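# Descriptive analysis of the structure
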Amino acid sequence: MKEAHPEYDLIIIGGGCAGLSLARLLIEDESNLRVLILEHRAAYSDDRTWCFWEKSDHSLKTLEAKAWATWQFSCADDDIYSHKSDSDLAYRCIRSGSFYKHVQNRIDKSTHLSLMMSVRVNDIQENAKSVSLTTDRGEFCSRWVIDTRPLQDRVVERQFGQHFLGIEIECDQDRFDDQVAQIMTNMQQDEYGFRFTYLLPFSRRHALFEETRFTRSAPEEVLETDLQDSIKKKMKGVGFQERRRERGFIPMSCNTKPAQQNSRIVQVGVTVGAARPSTGYAFLRIQAWALECARALSAGAPPTRQTVDPAWMRWADRLFLKVIEDPSNDVPEIFLALAKRMRPDHFVRFLSDSAQPTDLLRAIYALPKRPFIAGLTGMPRLKPVAR
């Protein structure tokens with residue numbers, strides 16, 4: 001274990017995806033900044049799967065667990081619609097366990113970065129030149145602090161979002177088509193909101209089953225029942241073993257807190273836009289922020305804050321969320337319409353972080369018109385896109 005120092009150039013609160021992504025890039029930049037990462041967990045585990053659409057030359061290619069060039073959508077008891085990329089764009093997966101281990105190994109070899117586990121931050125005090133942190137492992141001081149703690153750890157209202165529960169299983173015989181990711185299948189809605197099954201096959205015998213609901217409240221027992229029903233239906237007559245579980249909540253909201261521009265404490269995460277509000281995809285947004293922030297720090301500048309989405313995207317996300325949260329709308333049909341009527345790469349851009357105004361226009365053409373026209377009531381006027 002490296003010796004802890006009371007003073008640092010940068011302290012990162014939280015050694016999750018955002019904190020470790022920044023640490024990895026600072027090491028790649030051969031930064032001389034003294035950096036301390038404070039993580040509340042005692043040890044890392046394979047507790048997440050991070051998925052995103054990207055081309056084959058992305059910077060974390062070596063950590064990729066699997067990539068699928070074809071993905072599927074379906075409503076309950078309806079035809080399955082498959083998309084195949086027009087290019088080398090694919091749906092890609094990185095296991096959090098592999099990512100954690102990779103970055104930990106690099107930190108262990110670094111002379112400037114340190115990772116301290118089992119630390120709880122009790123108080124943060126800021127002055128004009130530094131930030132002081134009081135923890136259960138001592139007091140530390142830094143010129144800058146990046147706070148990556150997730151929304152769930154703070155006192156907040158219950159938000160509309162994605163509640164999910166997943167089980168990774170290993171079968172005793174071939175059962176899956178490992179060339180196809182089932183992104184949103186068996187889409188339906190009930191008194192608990194919109195739901196769908198998410199199935200990622202890592203091999204013909206090994207897959208992650210996940211049940212997701214877009215709602216404000218999804219009791220654990222409801223998600224468990226959803227998941228067991230889906231597995232039973234898919235695995236009828238096939239024996240399997242459970243490898244691991246994952247459980248989470250991704251807020252879907254445009255009401256993110258504005259960043260404090262003059263503060264030495266930089267917040268990163270869903271509270272300031274790390275996740276795309278209408279879809280929940282966050283991994284590539286975090287990587288883009290981490291790259292920009294690492295470059296700024298290495299150049300002697302302050303750490304950068306999360307980039308704010310353009311006005312047209314915020315407006316489109318707000319309308320989309322308003323429509324899919326309304327229980328009177330047929331949400332499965334809305335998502336299926338996008339899958340059926342948009343070209344694969346256009347559809348991917350609309351859902352992910354590379355959307356253009358033209359993708360919004362294509363989505364408008366593809367979507368059922370009535371719920372969105374009704375949803376315009378009370379919406380702010382969208383200003384023309386500057387050219």
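As a convention, each chain's residues are numbered from 1 in the sequence order in which they are written. The model is predicted, so local features are restricted to residues of pLDDT at least 70 and side-chain atom pairs to those at 80 or more, both for listing and for counting; the totals for chains, interfaces and linings are taken over all residues. Computation of side-chain values covers all heavy atoms of the structure but excludes hydrogens and water.

## Observations regarding the overall build of the protein
- Runs of E in the DSSP output that reach at least two residues are strands. Runs of H or I that reach at least four are helices, and both are numbered from the N terminus. In terms of helices and strands, the protein carries 9 helices and 17 strands.
- Taking 2.2 N^0.38 as the reference for a compact globule, 387 residues should give roughly 21 Å; the C-alpha atoms of the protein span a radius of gyration of 22 Å, in line with that estimate.
- Judged by the C-alpha coordinates and their principal axes, the protein covers about 60 × 55 × 40 Å.
- Exposure categories follow from relative accessible area, calculated using a 1.4 Å probe and restricted to protein chains: below 20% of the type maximum is buried, above 50% is exposed, and the middle band is partly exposed. Of all 387 residues assigned to the protein, the portion counted as buried reaches 53%.
- In what follows, residue pairs with any heavy atoms lying within 4.5 Å of each other are defined as contacts. A separation of at least 24 residues holds for 74% of the contacts in the protein among residues at least 6 apart in sequence.
- A residue counts as positive if it is Lys or Arg and as negative if it is Asp or Glu; His and the chain ends are not included. All charge positions are set by atom: Lys at NZ, Arg at CZ, Asp at CG, Glu at CD. For the protein, the centre of its 54 positive side-chain charges and the centre of its 52 negative side-chain charges are spaced 4 Å apart. In this treatment the radius of gyration is a C-alpha quantity, and the globule benchmark scales as 2.2 Å times the residue count to the 0.38 power.

## Topic: the pattern of salt bridges
- By definition here, a salt bridge exists when the distance from a side-chain nitrogen of Lys or Arg to a carboxyl oxygen of Asp or Glu is within 4 Å. Here the structure, examined in full by the defined rule, presents 31 salt bridges.
- Among the salt bridges present, the one from E64 reaches R92, with a minimum N-O distance of 3.2 Å. Of this pair, E64 sits in strand β4 (residues 64–68) while R92 is found in strand β7 (residues 90–95), placing the two residues 28 residues apart along the sequence. The pair formed by E64 and R92 is uniform in burial state, with each residue classed as buried.
- The closest approach of N and O atoms between R205 and D174, which form a salt bridge, is 2.9 Å. Of this pair, R205 sits in the loop between β14 (193–201) and β15 (206–215) while D174 sits in the loop between β12 (161–171) and β13 (180–190), placing them 31 residues apart in sequence.

## A word on the packing of aromatic side chains
- Any pair of Phe, Tyr and Trp rings, taking the six-membered ring for Trp, is counted once the centres come within 6.5 Å. Such a pair is stacked with planes under 30 degrees apart, edge-to-face with planes over 60 apart, and tilted for the rest. Per the counting criterion, the structure on display carries 21 aromatic pairs.
- Between W53 and Y91, the ring centres sit 4.7 Å apart and the planes meet at 55°, which makes this aromatic pair tilted. Taken together, the residues span a long stretch of sequence, with W53 in strand β3 (residues 49–54) and Y91 in strand β7 at a distance of 38 residues.
- The class for Y91 is buried, based on a relative accessible area of 1%.
- Counting every residue linked through ring pairs, the aromatic cluster contains W53, W68, W71, Y91, Y198, F202 and Y281.
- Only lysine NZ and arginine CZ atoms are considered, and such an atom sits over a ring when it is within 6 Å of the ring centre and within 35 degrees of the ring normal. One residue, R34, lies across the ring of Y8, its end atom 5.8 Å from the ring centre.
- For R95, the ring lying beneath its charged end belongs to F202, and the centroid distance is 4.6 Å.

## Regarding the packing of helix α7 (residues 344–351) against helix α8 (residues 357–366)
- Between α7 and α8, whose axes approach to 9 Å, the crossing angle comes to 110°. One way to sum up the angle between α7 and α8 is to call them roughly perpendicular. Where α7 abuts α8, its residues H346, R349 and F350 lie against D359, R362 and A363.
- Residues are sorted three ways: Asp, Glu, Lys and Arg are charged, Ala, Val, Leu, Ile, Met, Phe, Trp, Tyr, Cys and Pro are nonpolar, and all the rest, Gly among them, are polar. Looking at the contact of α7 with α8 residue by residue, the class counts come to 2 nonpolar, 1 polar and 3 charged. An axis is simply a line fitted to the C-alpha atoms; with a helix, the fit covers only the stretch in contact. Between two such axes, the angle follows the N-to-C directions and lies from 0 to 180 degrees. In this scheme, roughly parallel covers angles under 35 degrees and roughly antiparallel covers those over 145, while 65 to 115 is roughly perpendicular and the rest are oblique.

## Here's the deal with the environment of T307
- Along the chain, T307 falls in the loop between α4 (283–298) and α5 (311–325).
- Considering only alpha carbons, one finds T307 and R95, 212 residues apart in sequence, at a separation of 25 Å.

## Thoughts on the side chain of R92
- A residue is classified by how much of its surface remains accessible, and R92, at 3% relative accessible area, is buried.
- At 3.4 Å, the side chain of R92 and the backbone oxygen of K55 are in polar contact.
- When residues no more than four places from it in sequence are discounted, the contact partners of R92 are W50, C51, F52, E54, K55, S56, H58, K61, E64, K66 and A67. N or O atoms closer than or at 3.5 Å make up a polar contact, with two conditions inside protein: a donor-capable atom paired with an acceptor-capable one, and, for residues adjacent in sequence, both atoms drawn from side chains.

## As for the pairing of β13
- The buried fraction of β13 is high, at 8 of 11 residues.
- Think of it this way: DSSP has to see at least two bridges between two strands before they count as a pair. With 5 bridges joining them, strand β5 (residues 70–75) and β13 adopt parallel strand pairing. Pairing of W71 across the sheet is with A181, part of β13.
- Bridge analysis of β13 against β14 gives 5 bridges, and the strand direction is antiparallel. Its bridge partner being in β14, Q188 is matched across the sheet by R195.
- Two successive antiparallel strands, β13 and β14, enclose a turn made up of 2 residues.

## Some remarks on the environment of L113
- Residue position: L113 is located in strand β8 (residues 113–116).
- For the pair formed by L113 and E28, sequence separation is 85 residues and the distance between their alpha carbons is 12 Å.

## Focus: the nonpolar core
- The definition of a nonpolar core used throughout is a set of buried Ala, Val, Leu, Ile, Met, Phe, Trp, Tyr and Cys residues joined through side-chain atoms within 4.5 Å. Within the largest apolar cluster, 50 residues are counted, with the highest numbers of intra-cluster contacts made by Y91, L200, I324, F335 and L338.
- If you look at the next biggest cluster of nonpolar residues, it comprises 37 residues, including F99, W144, A274 and A290.

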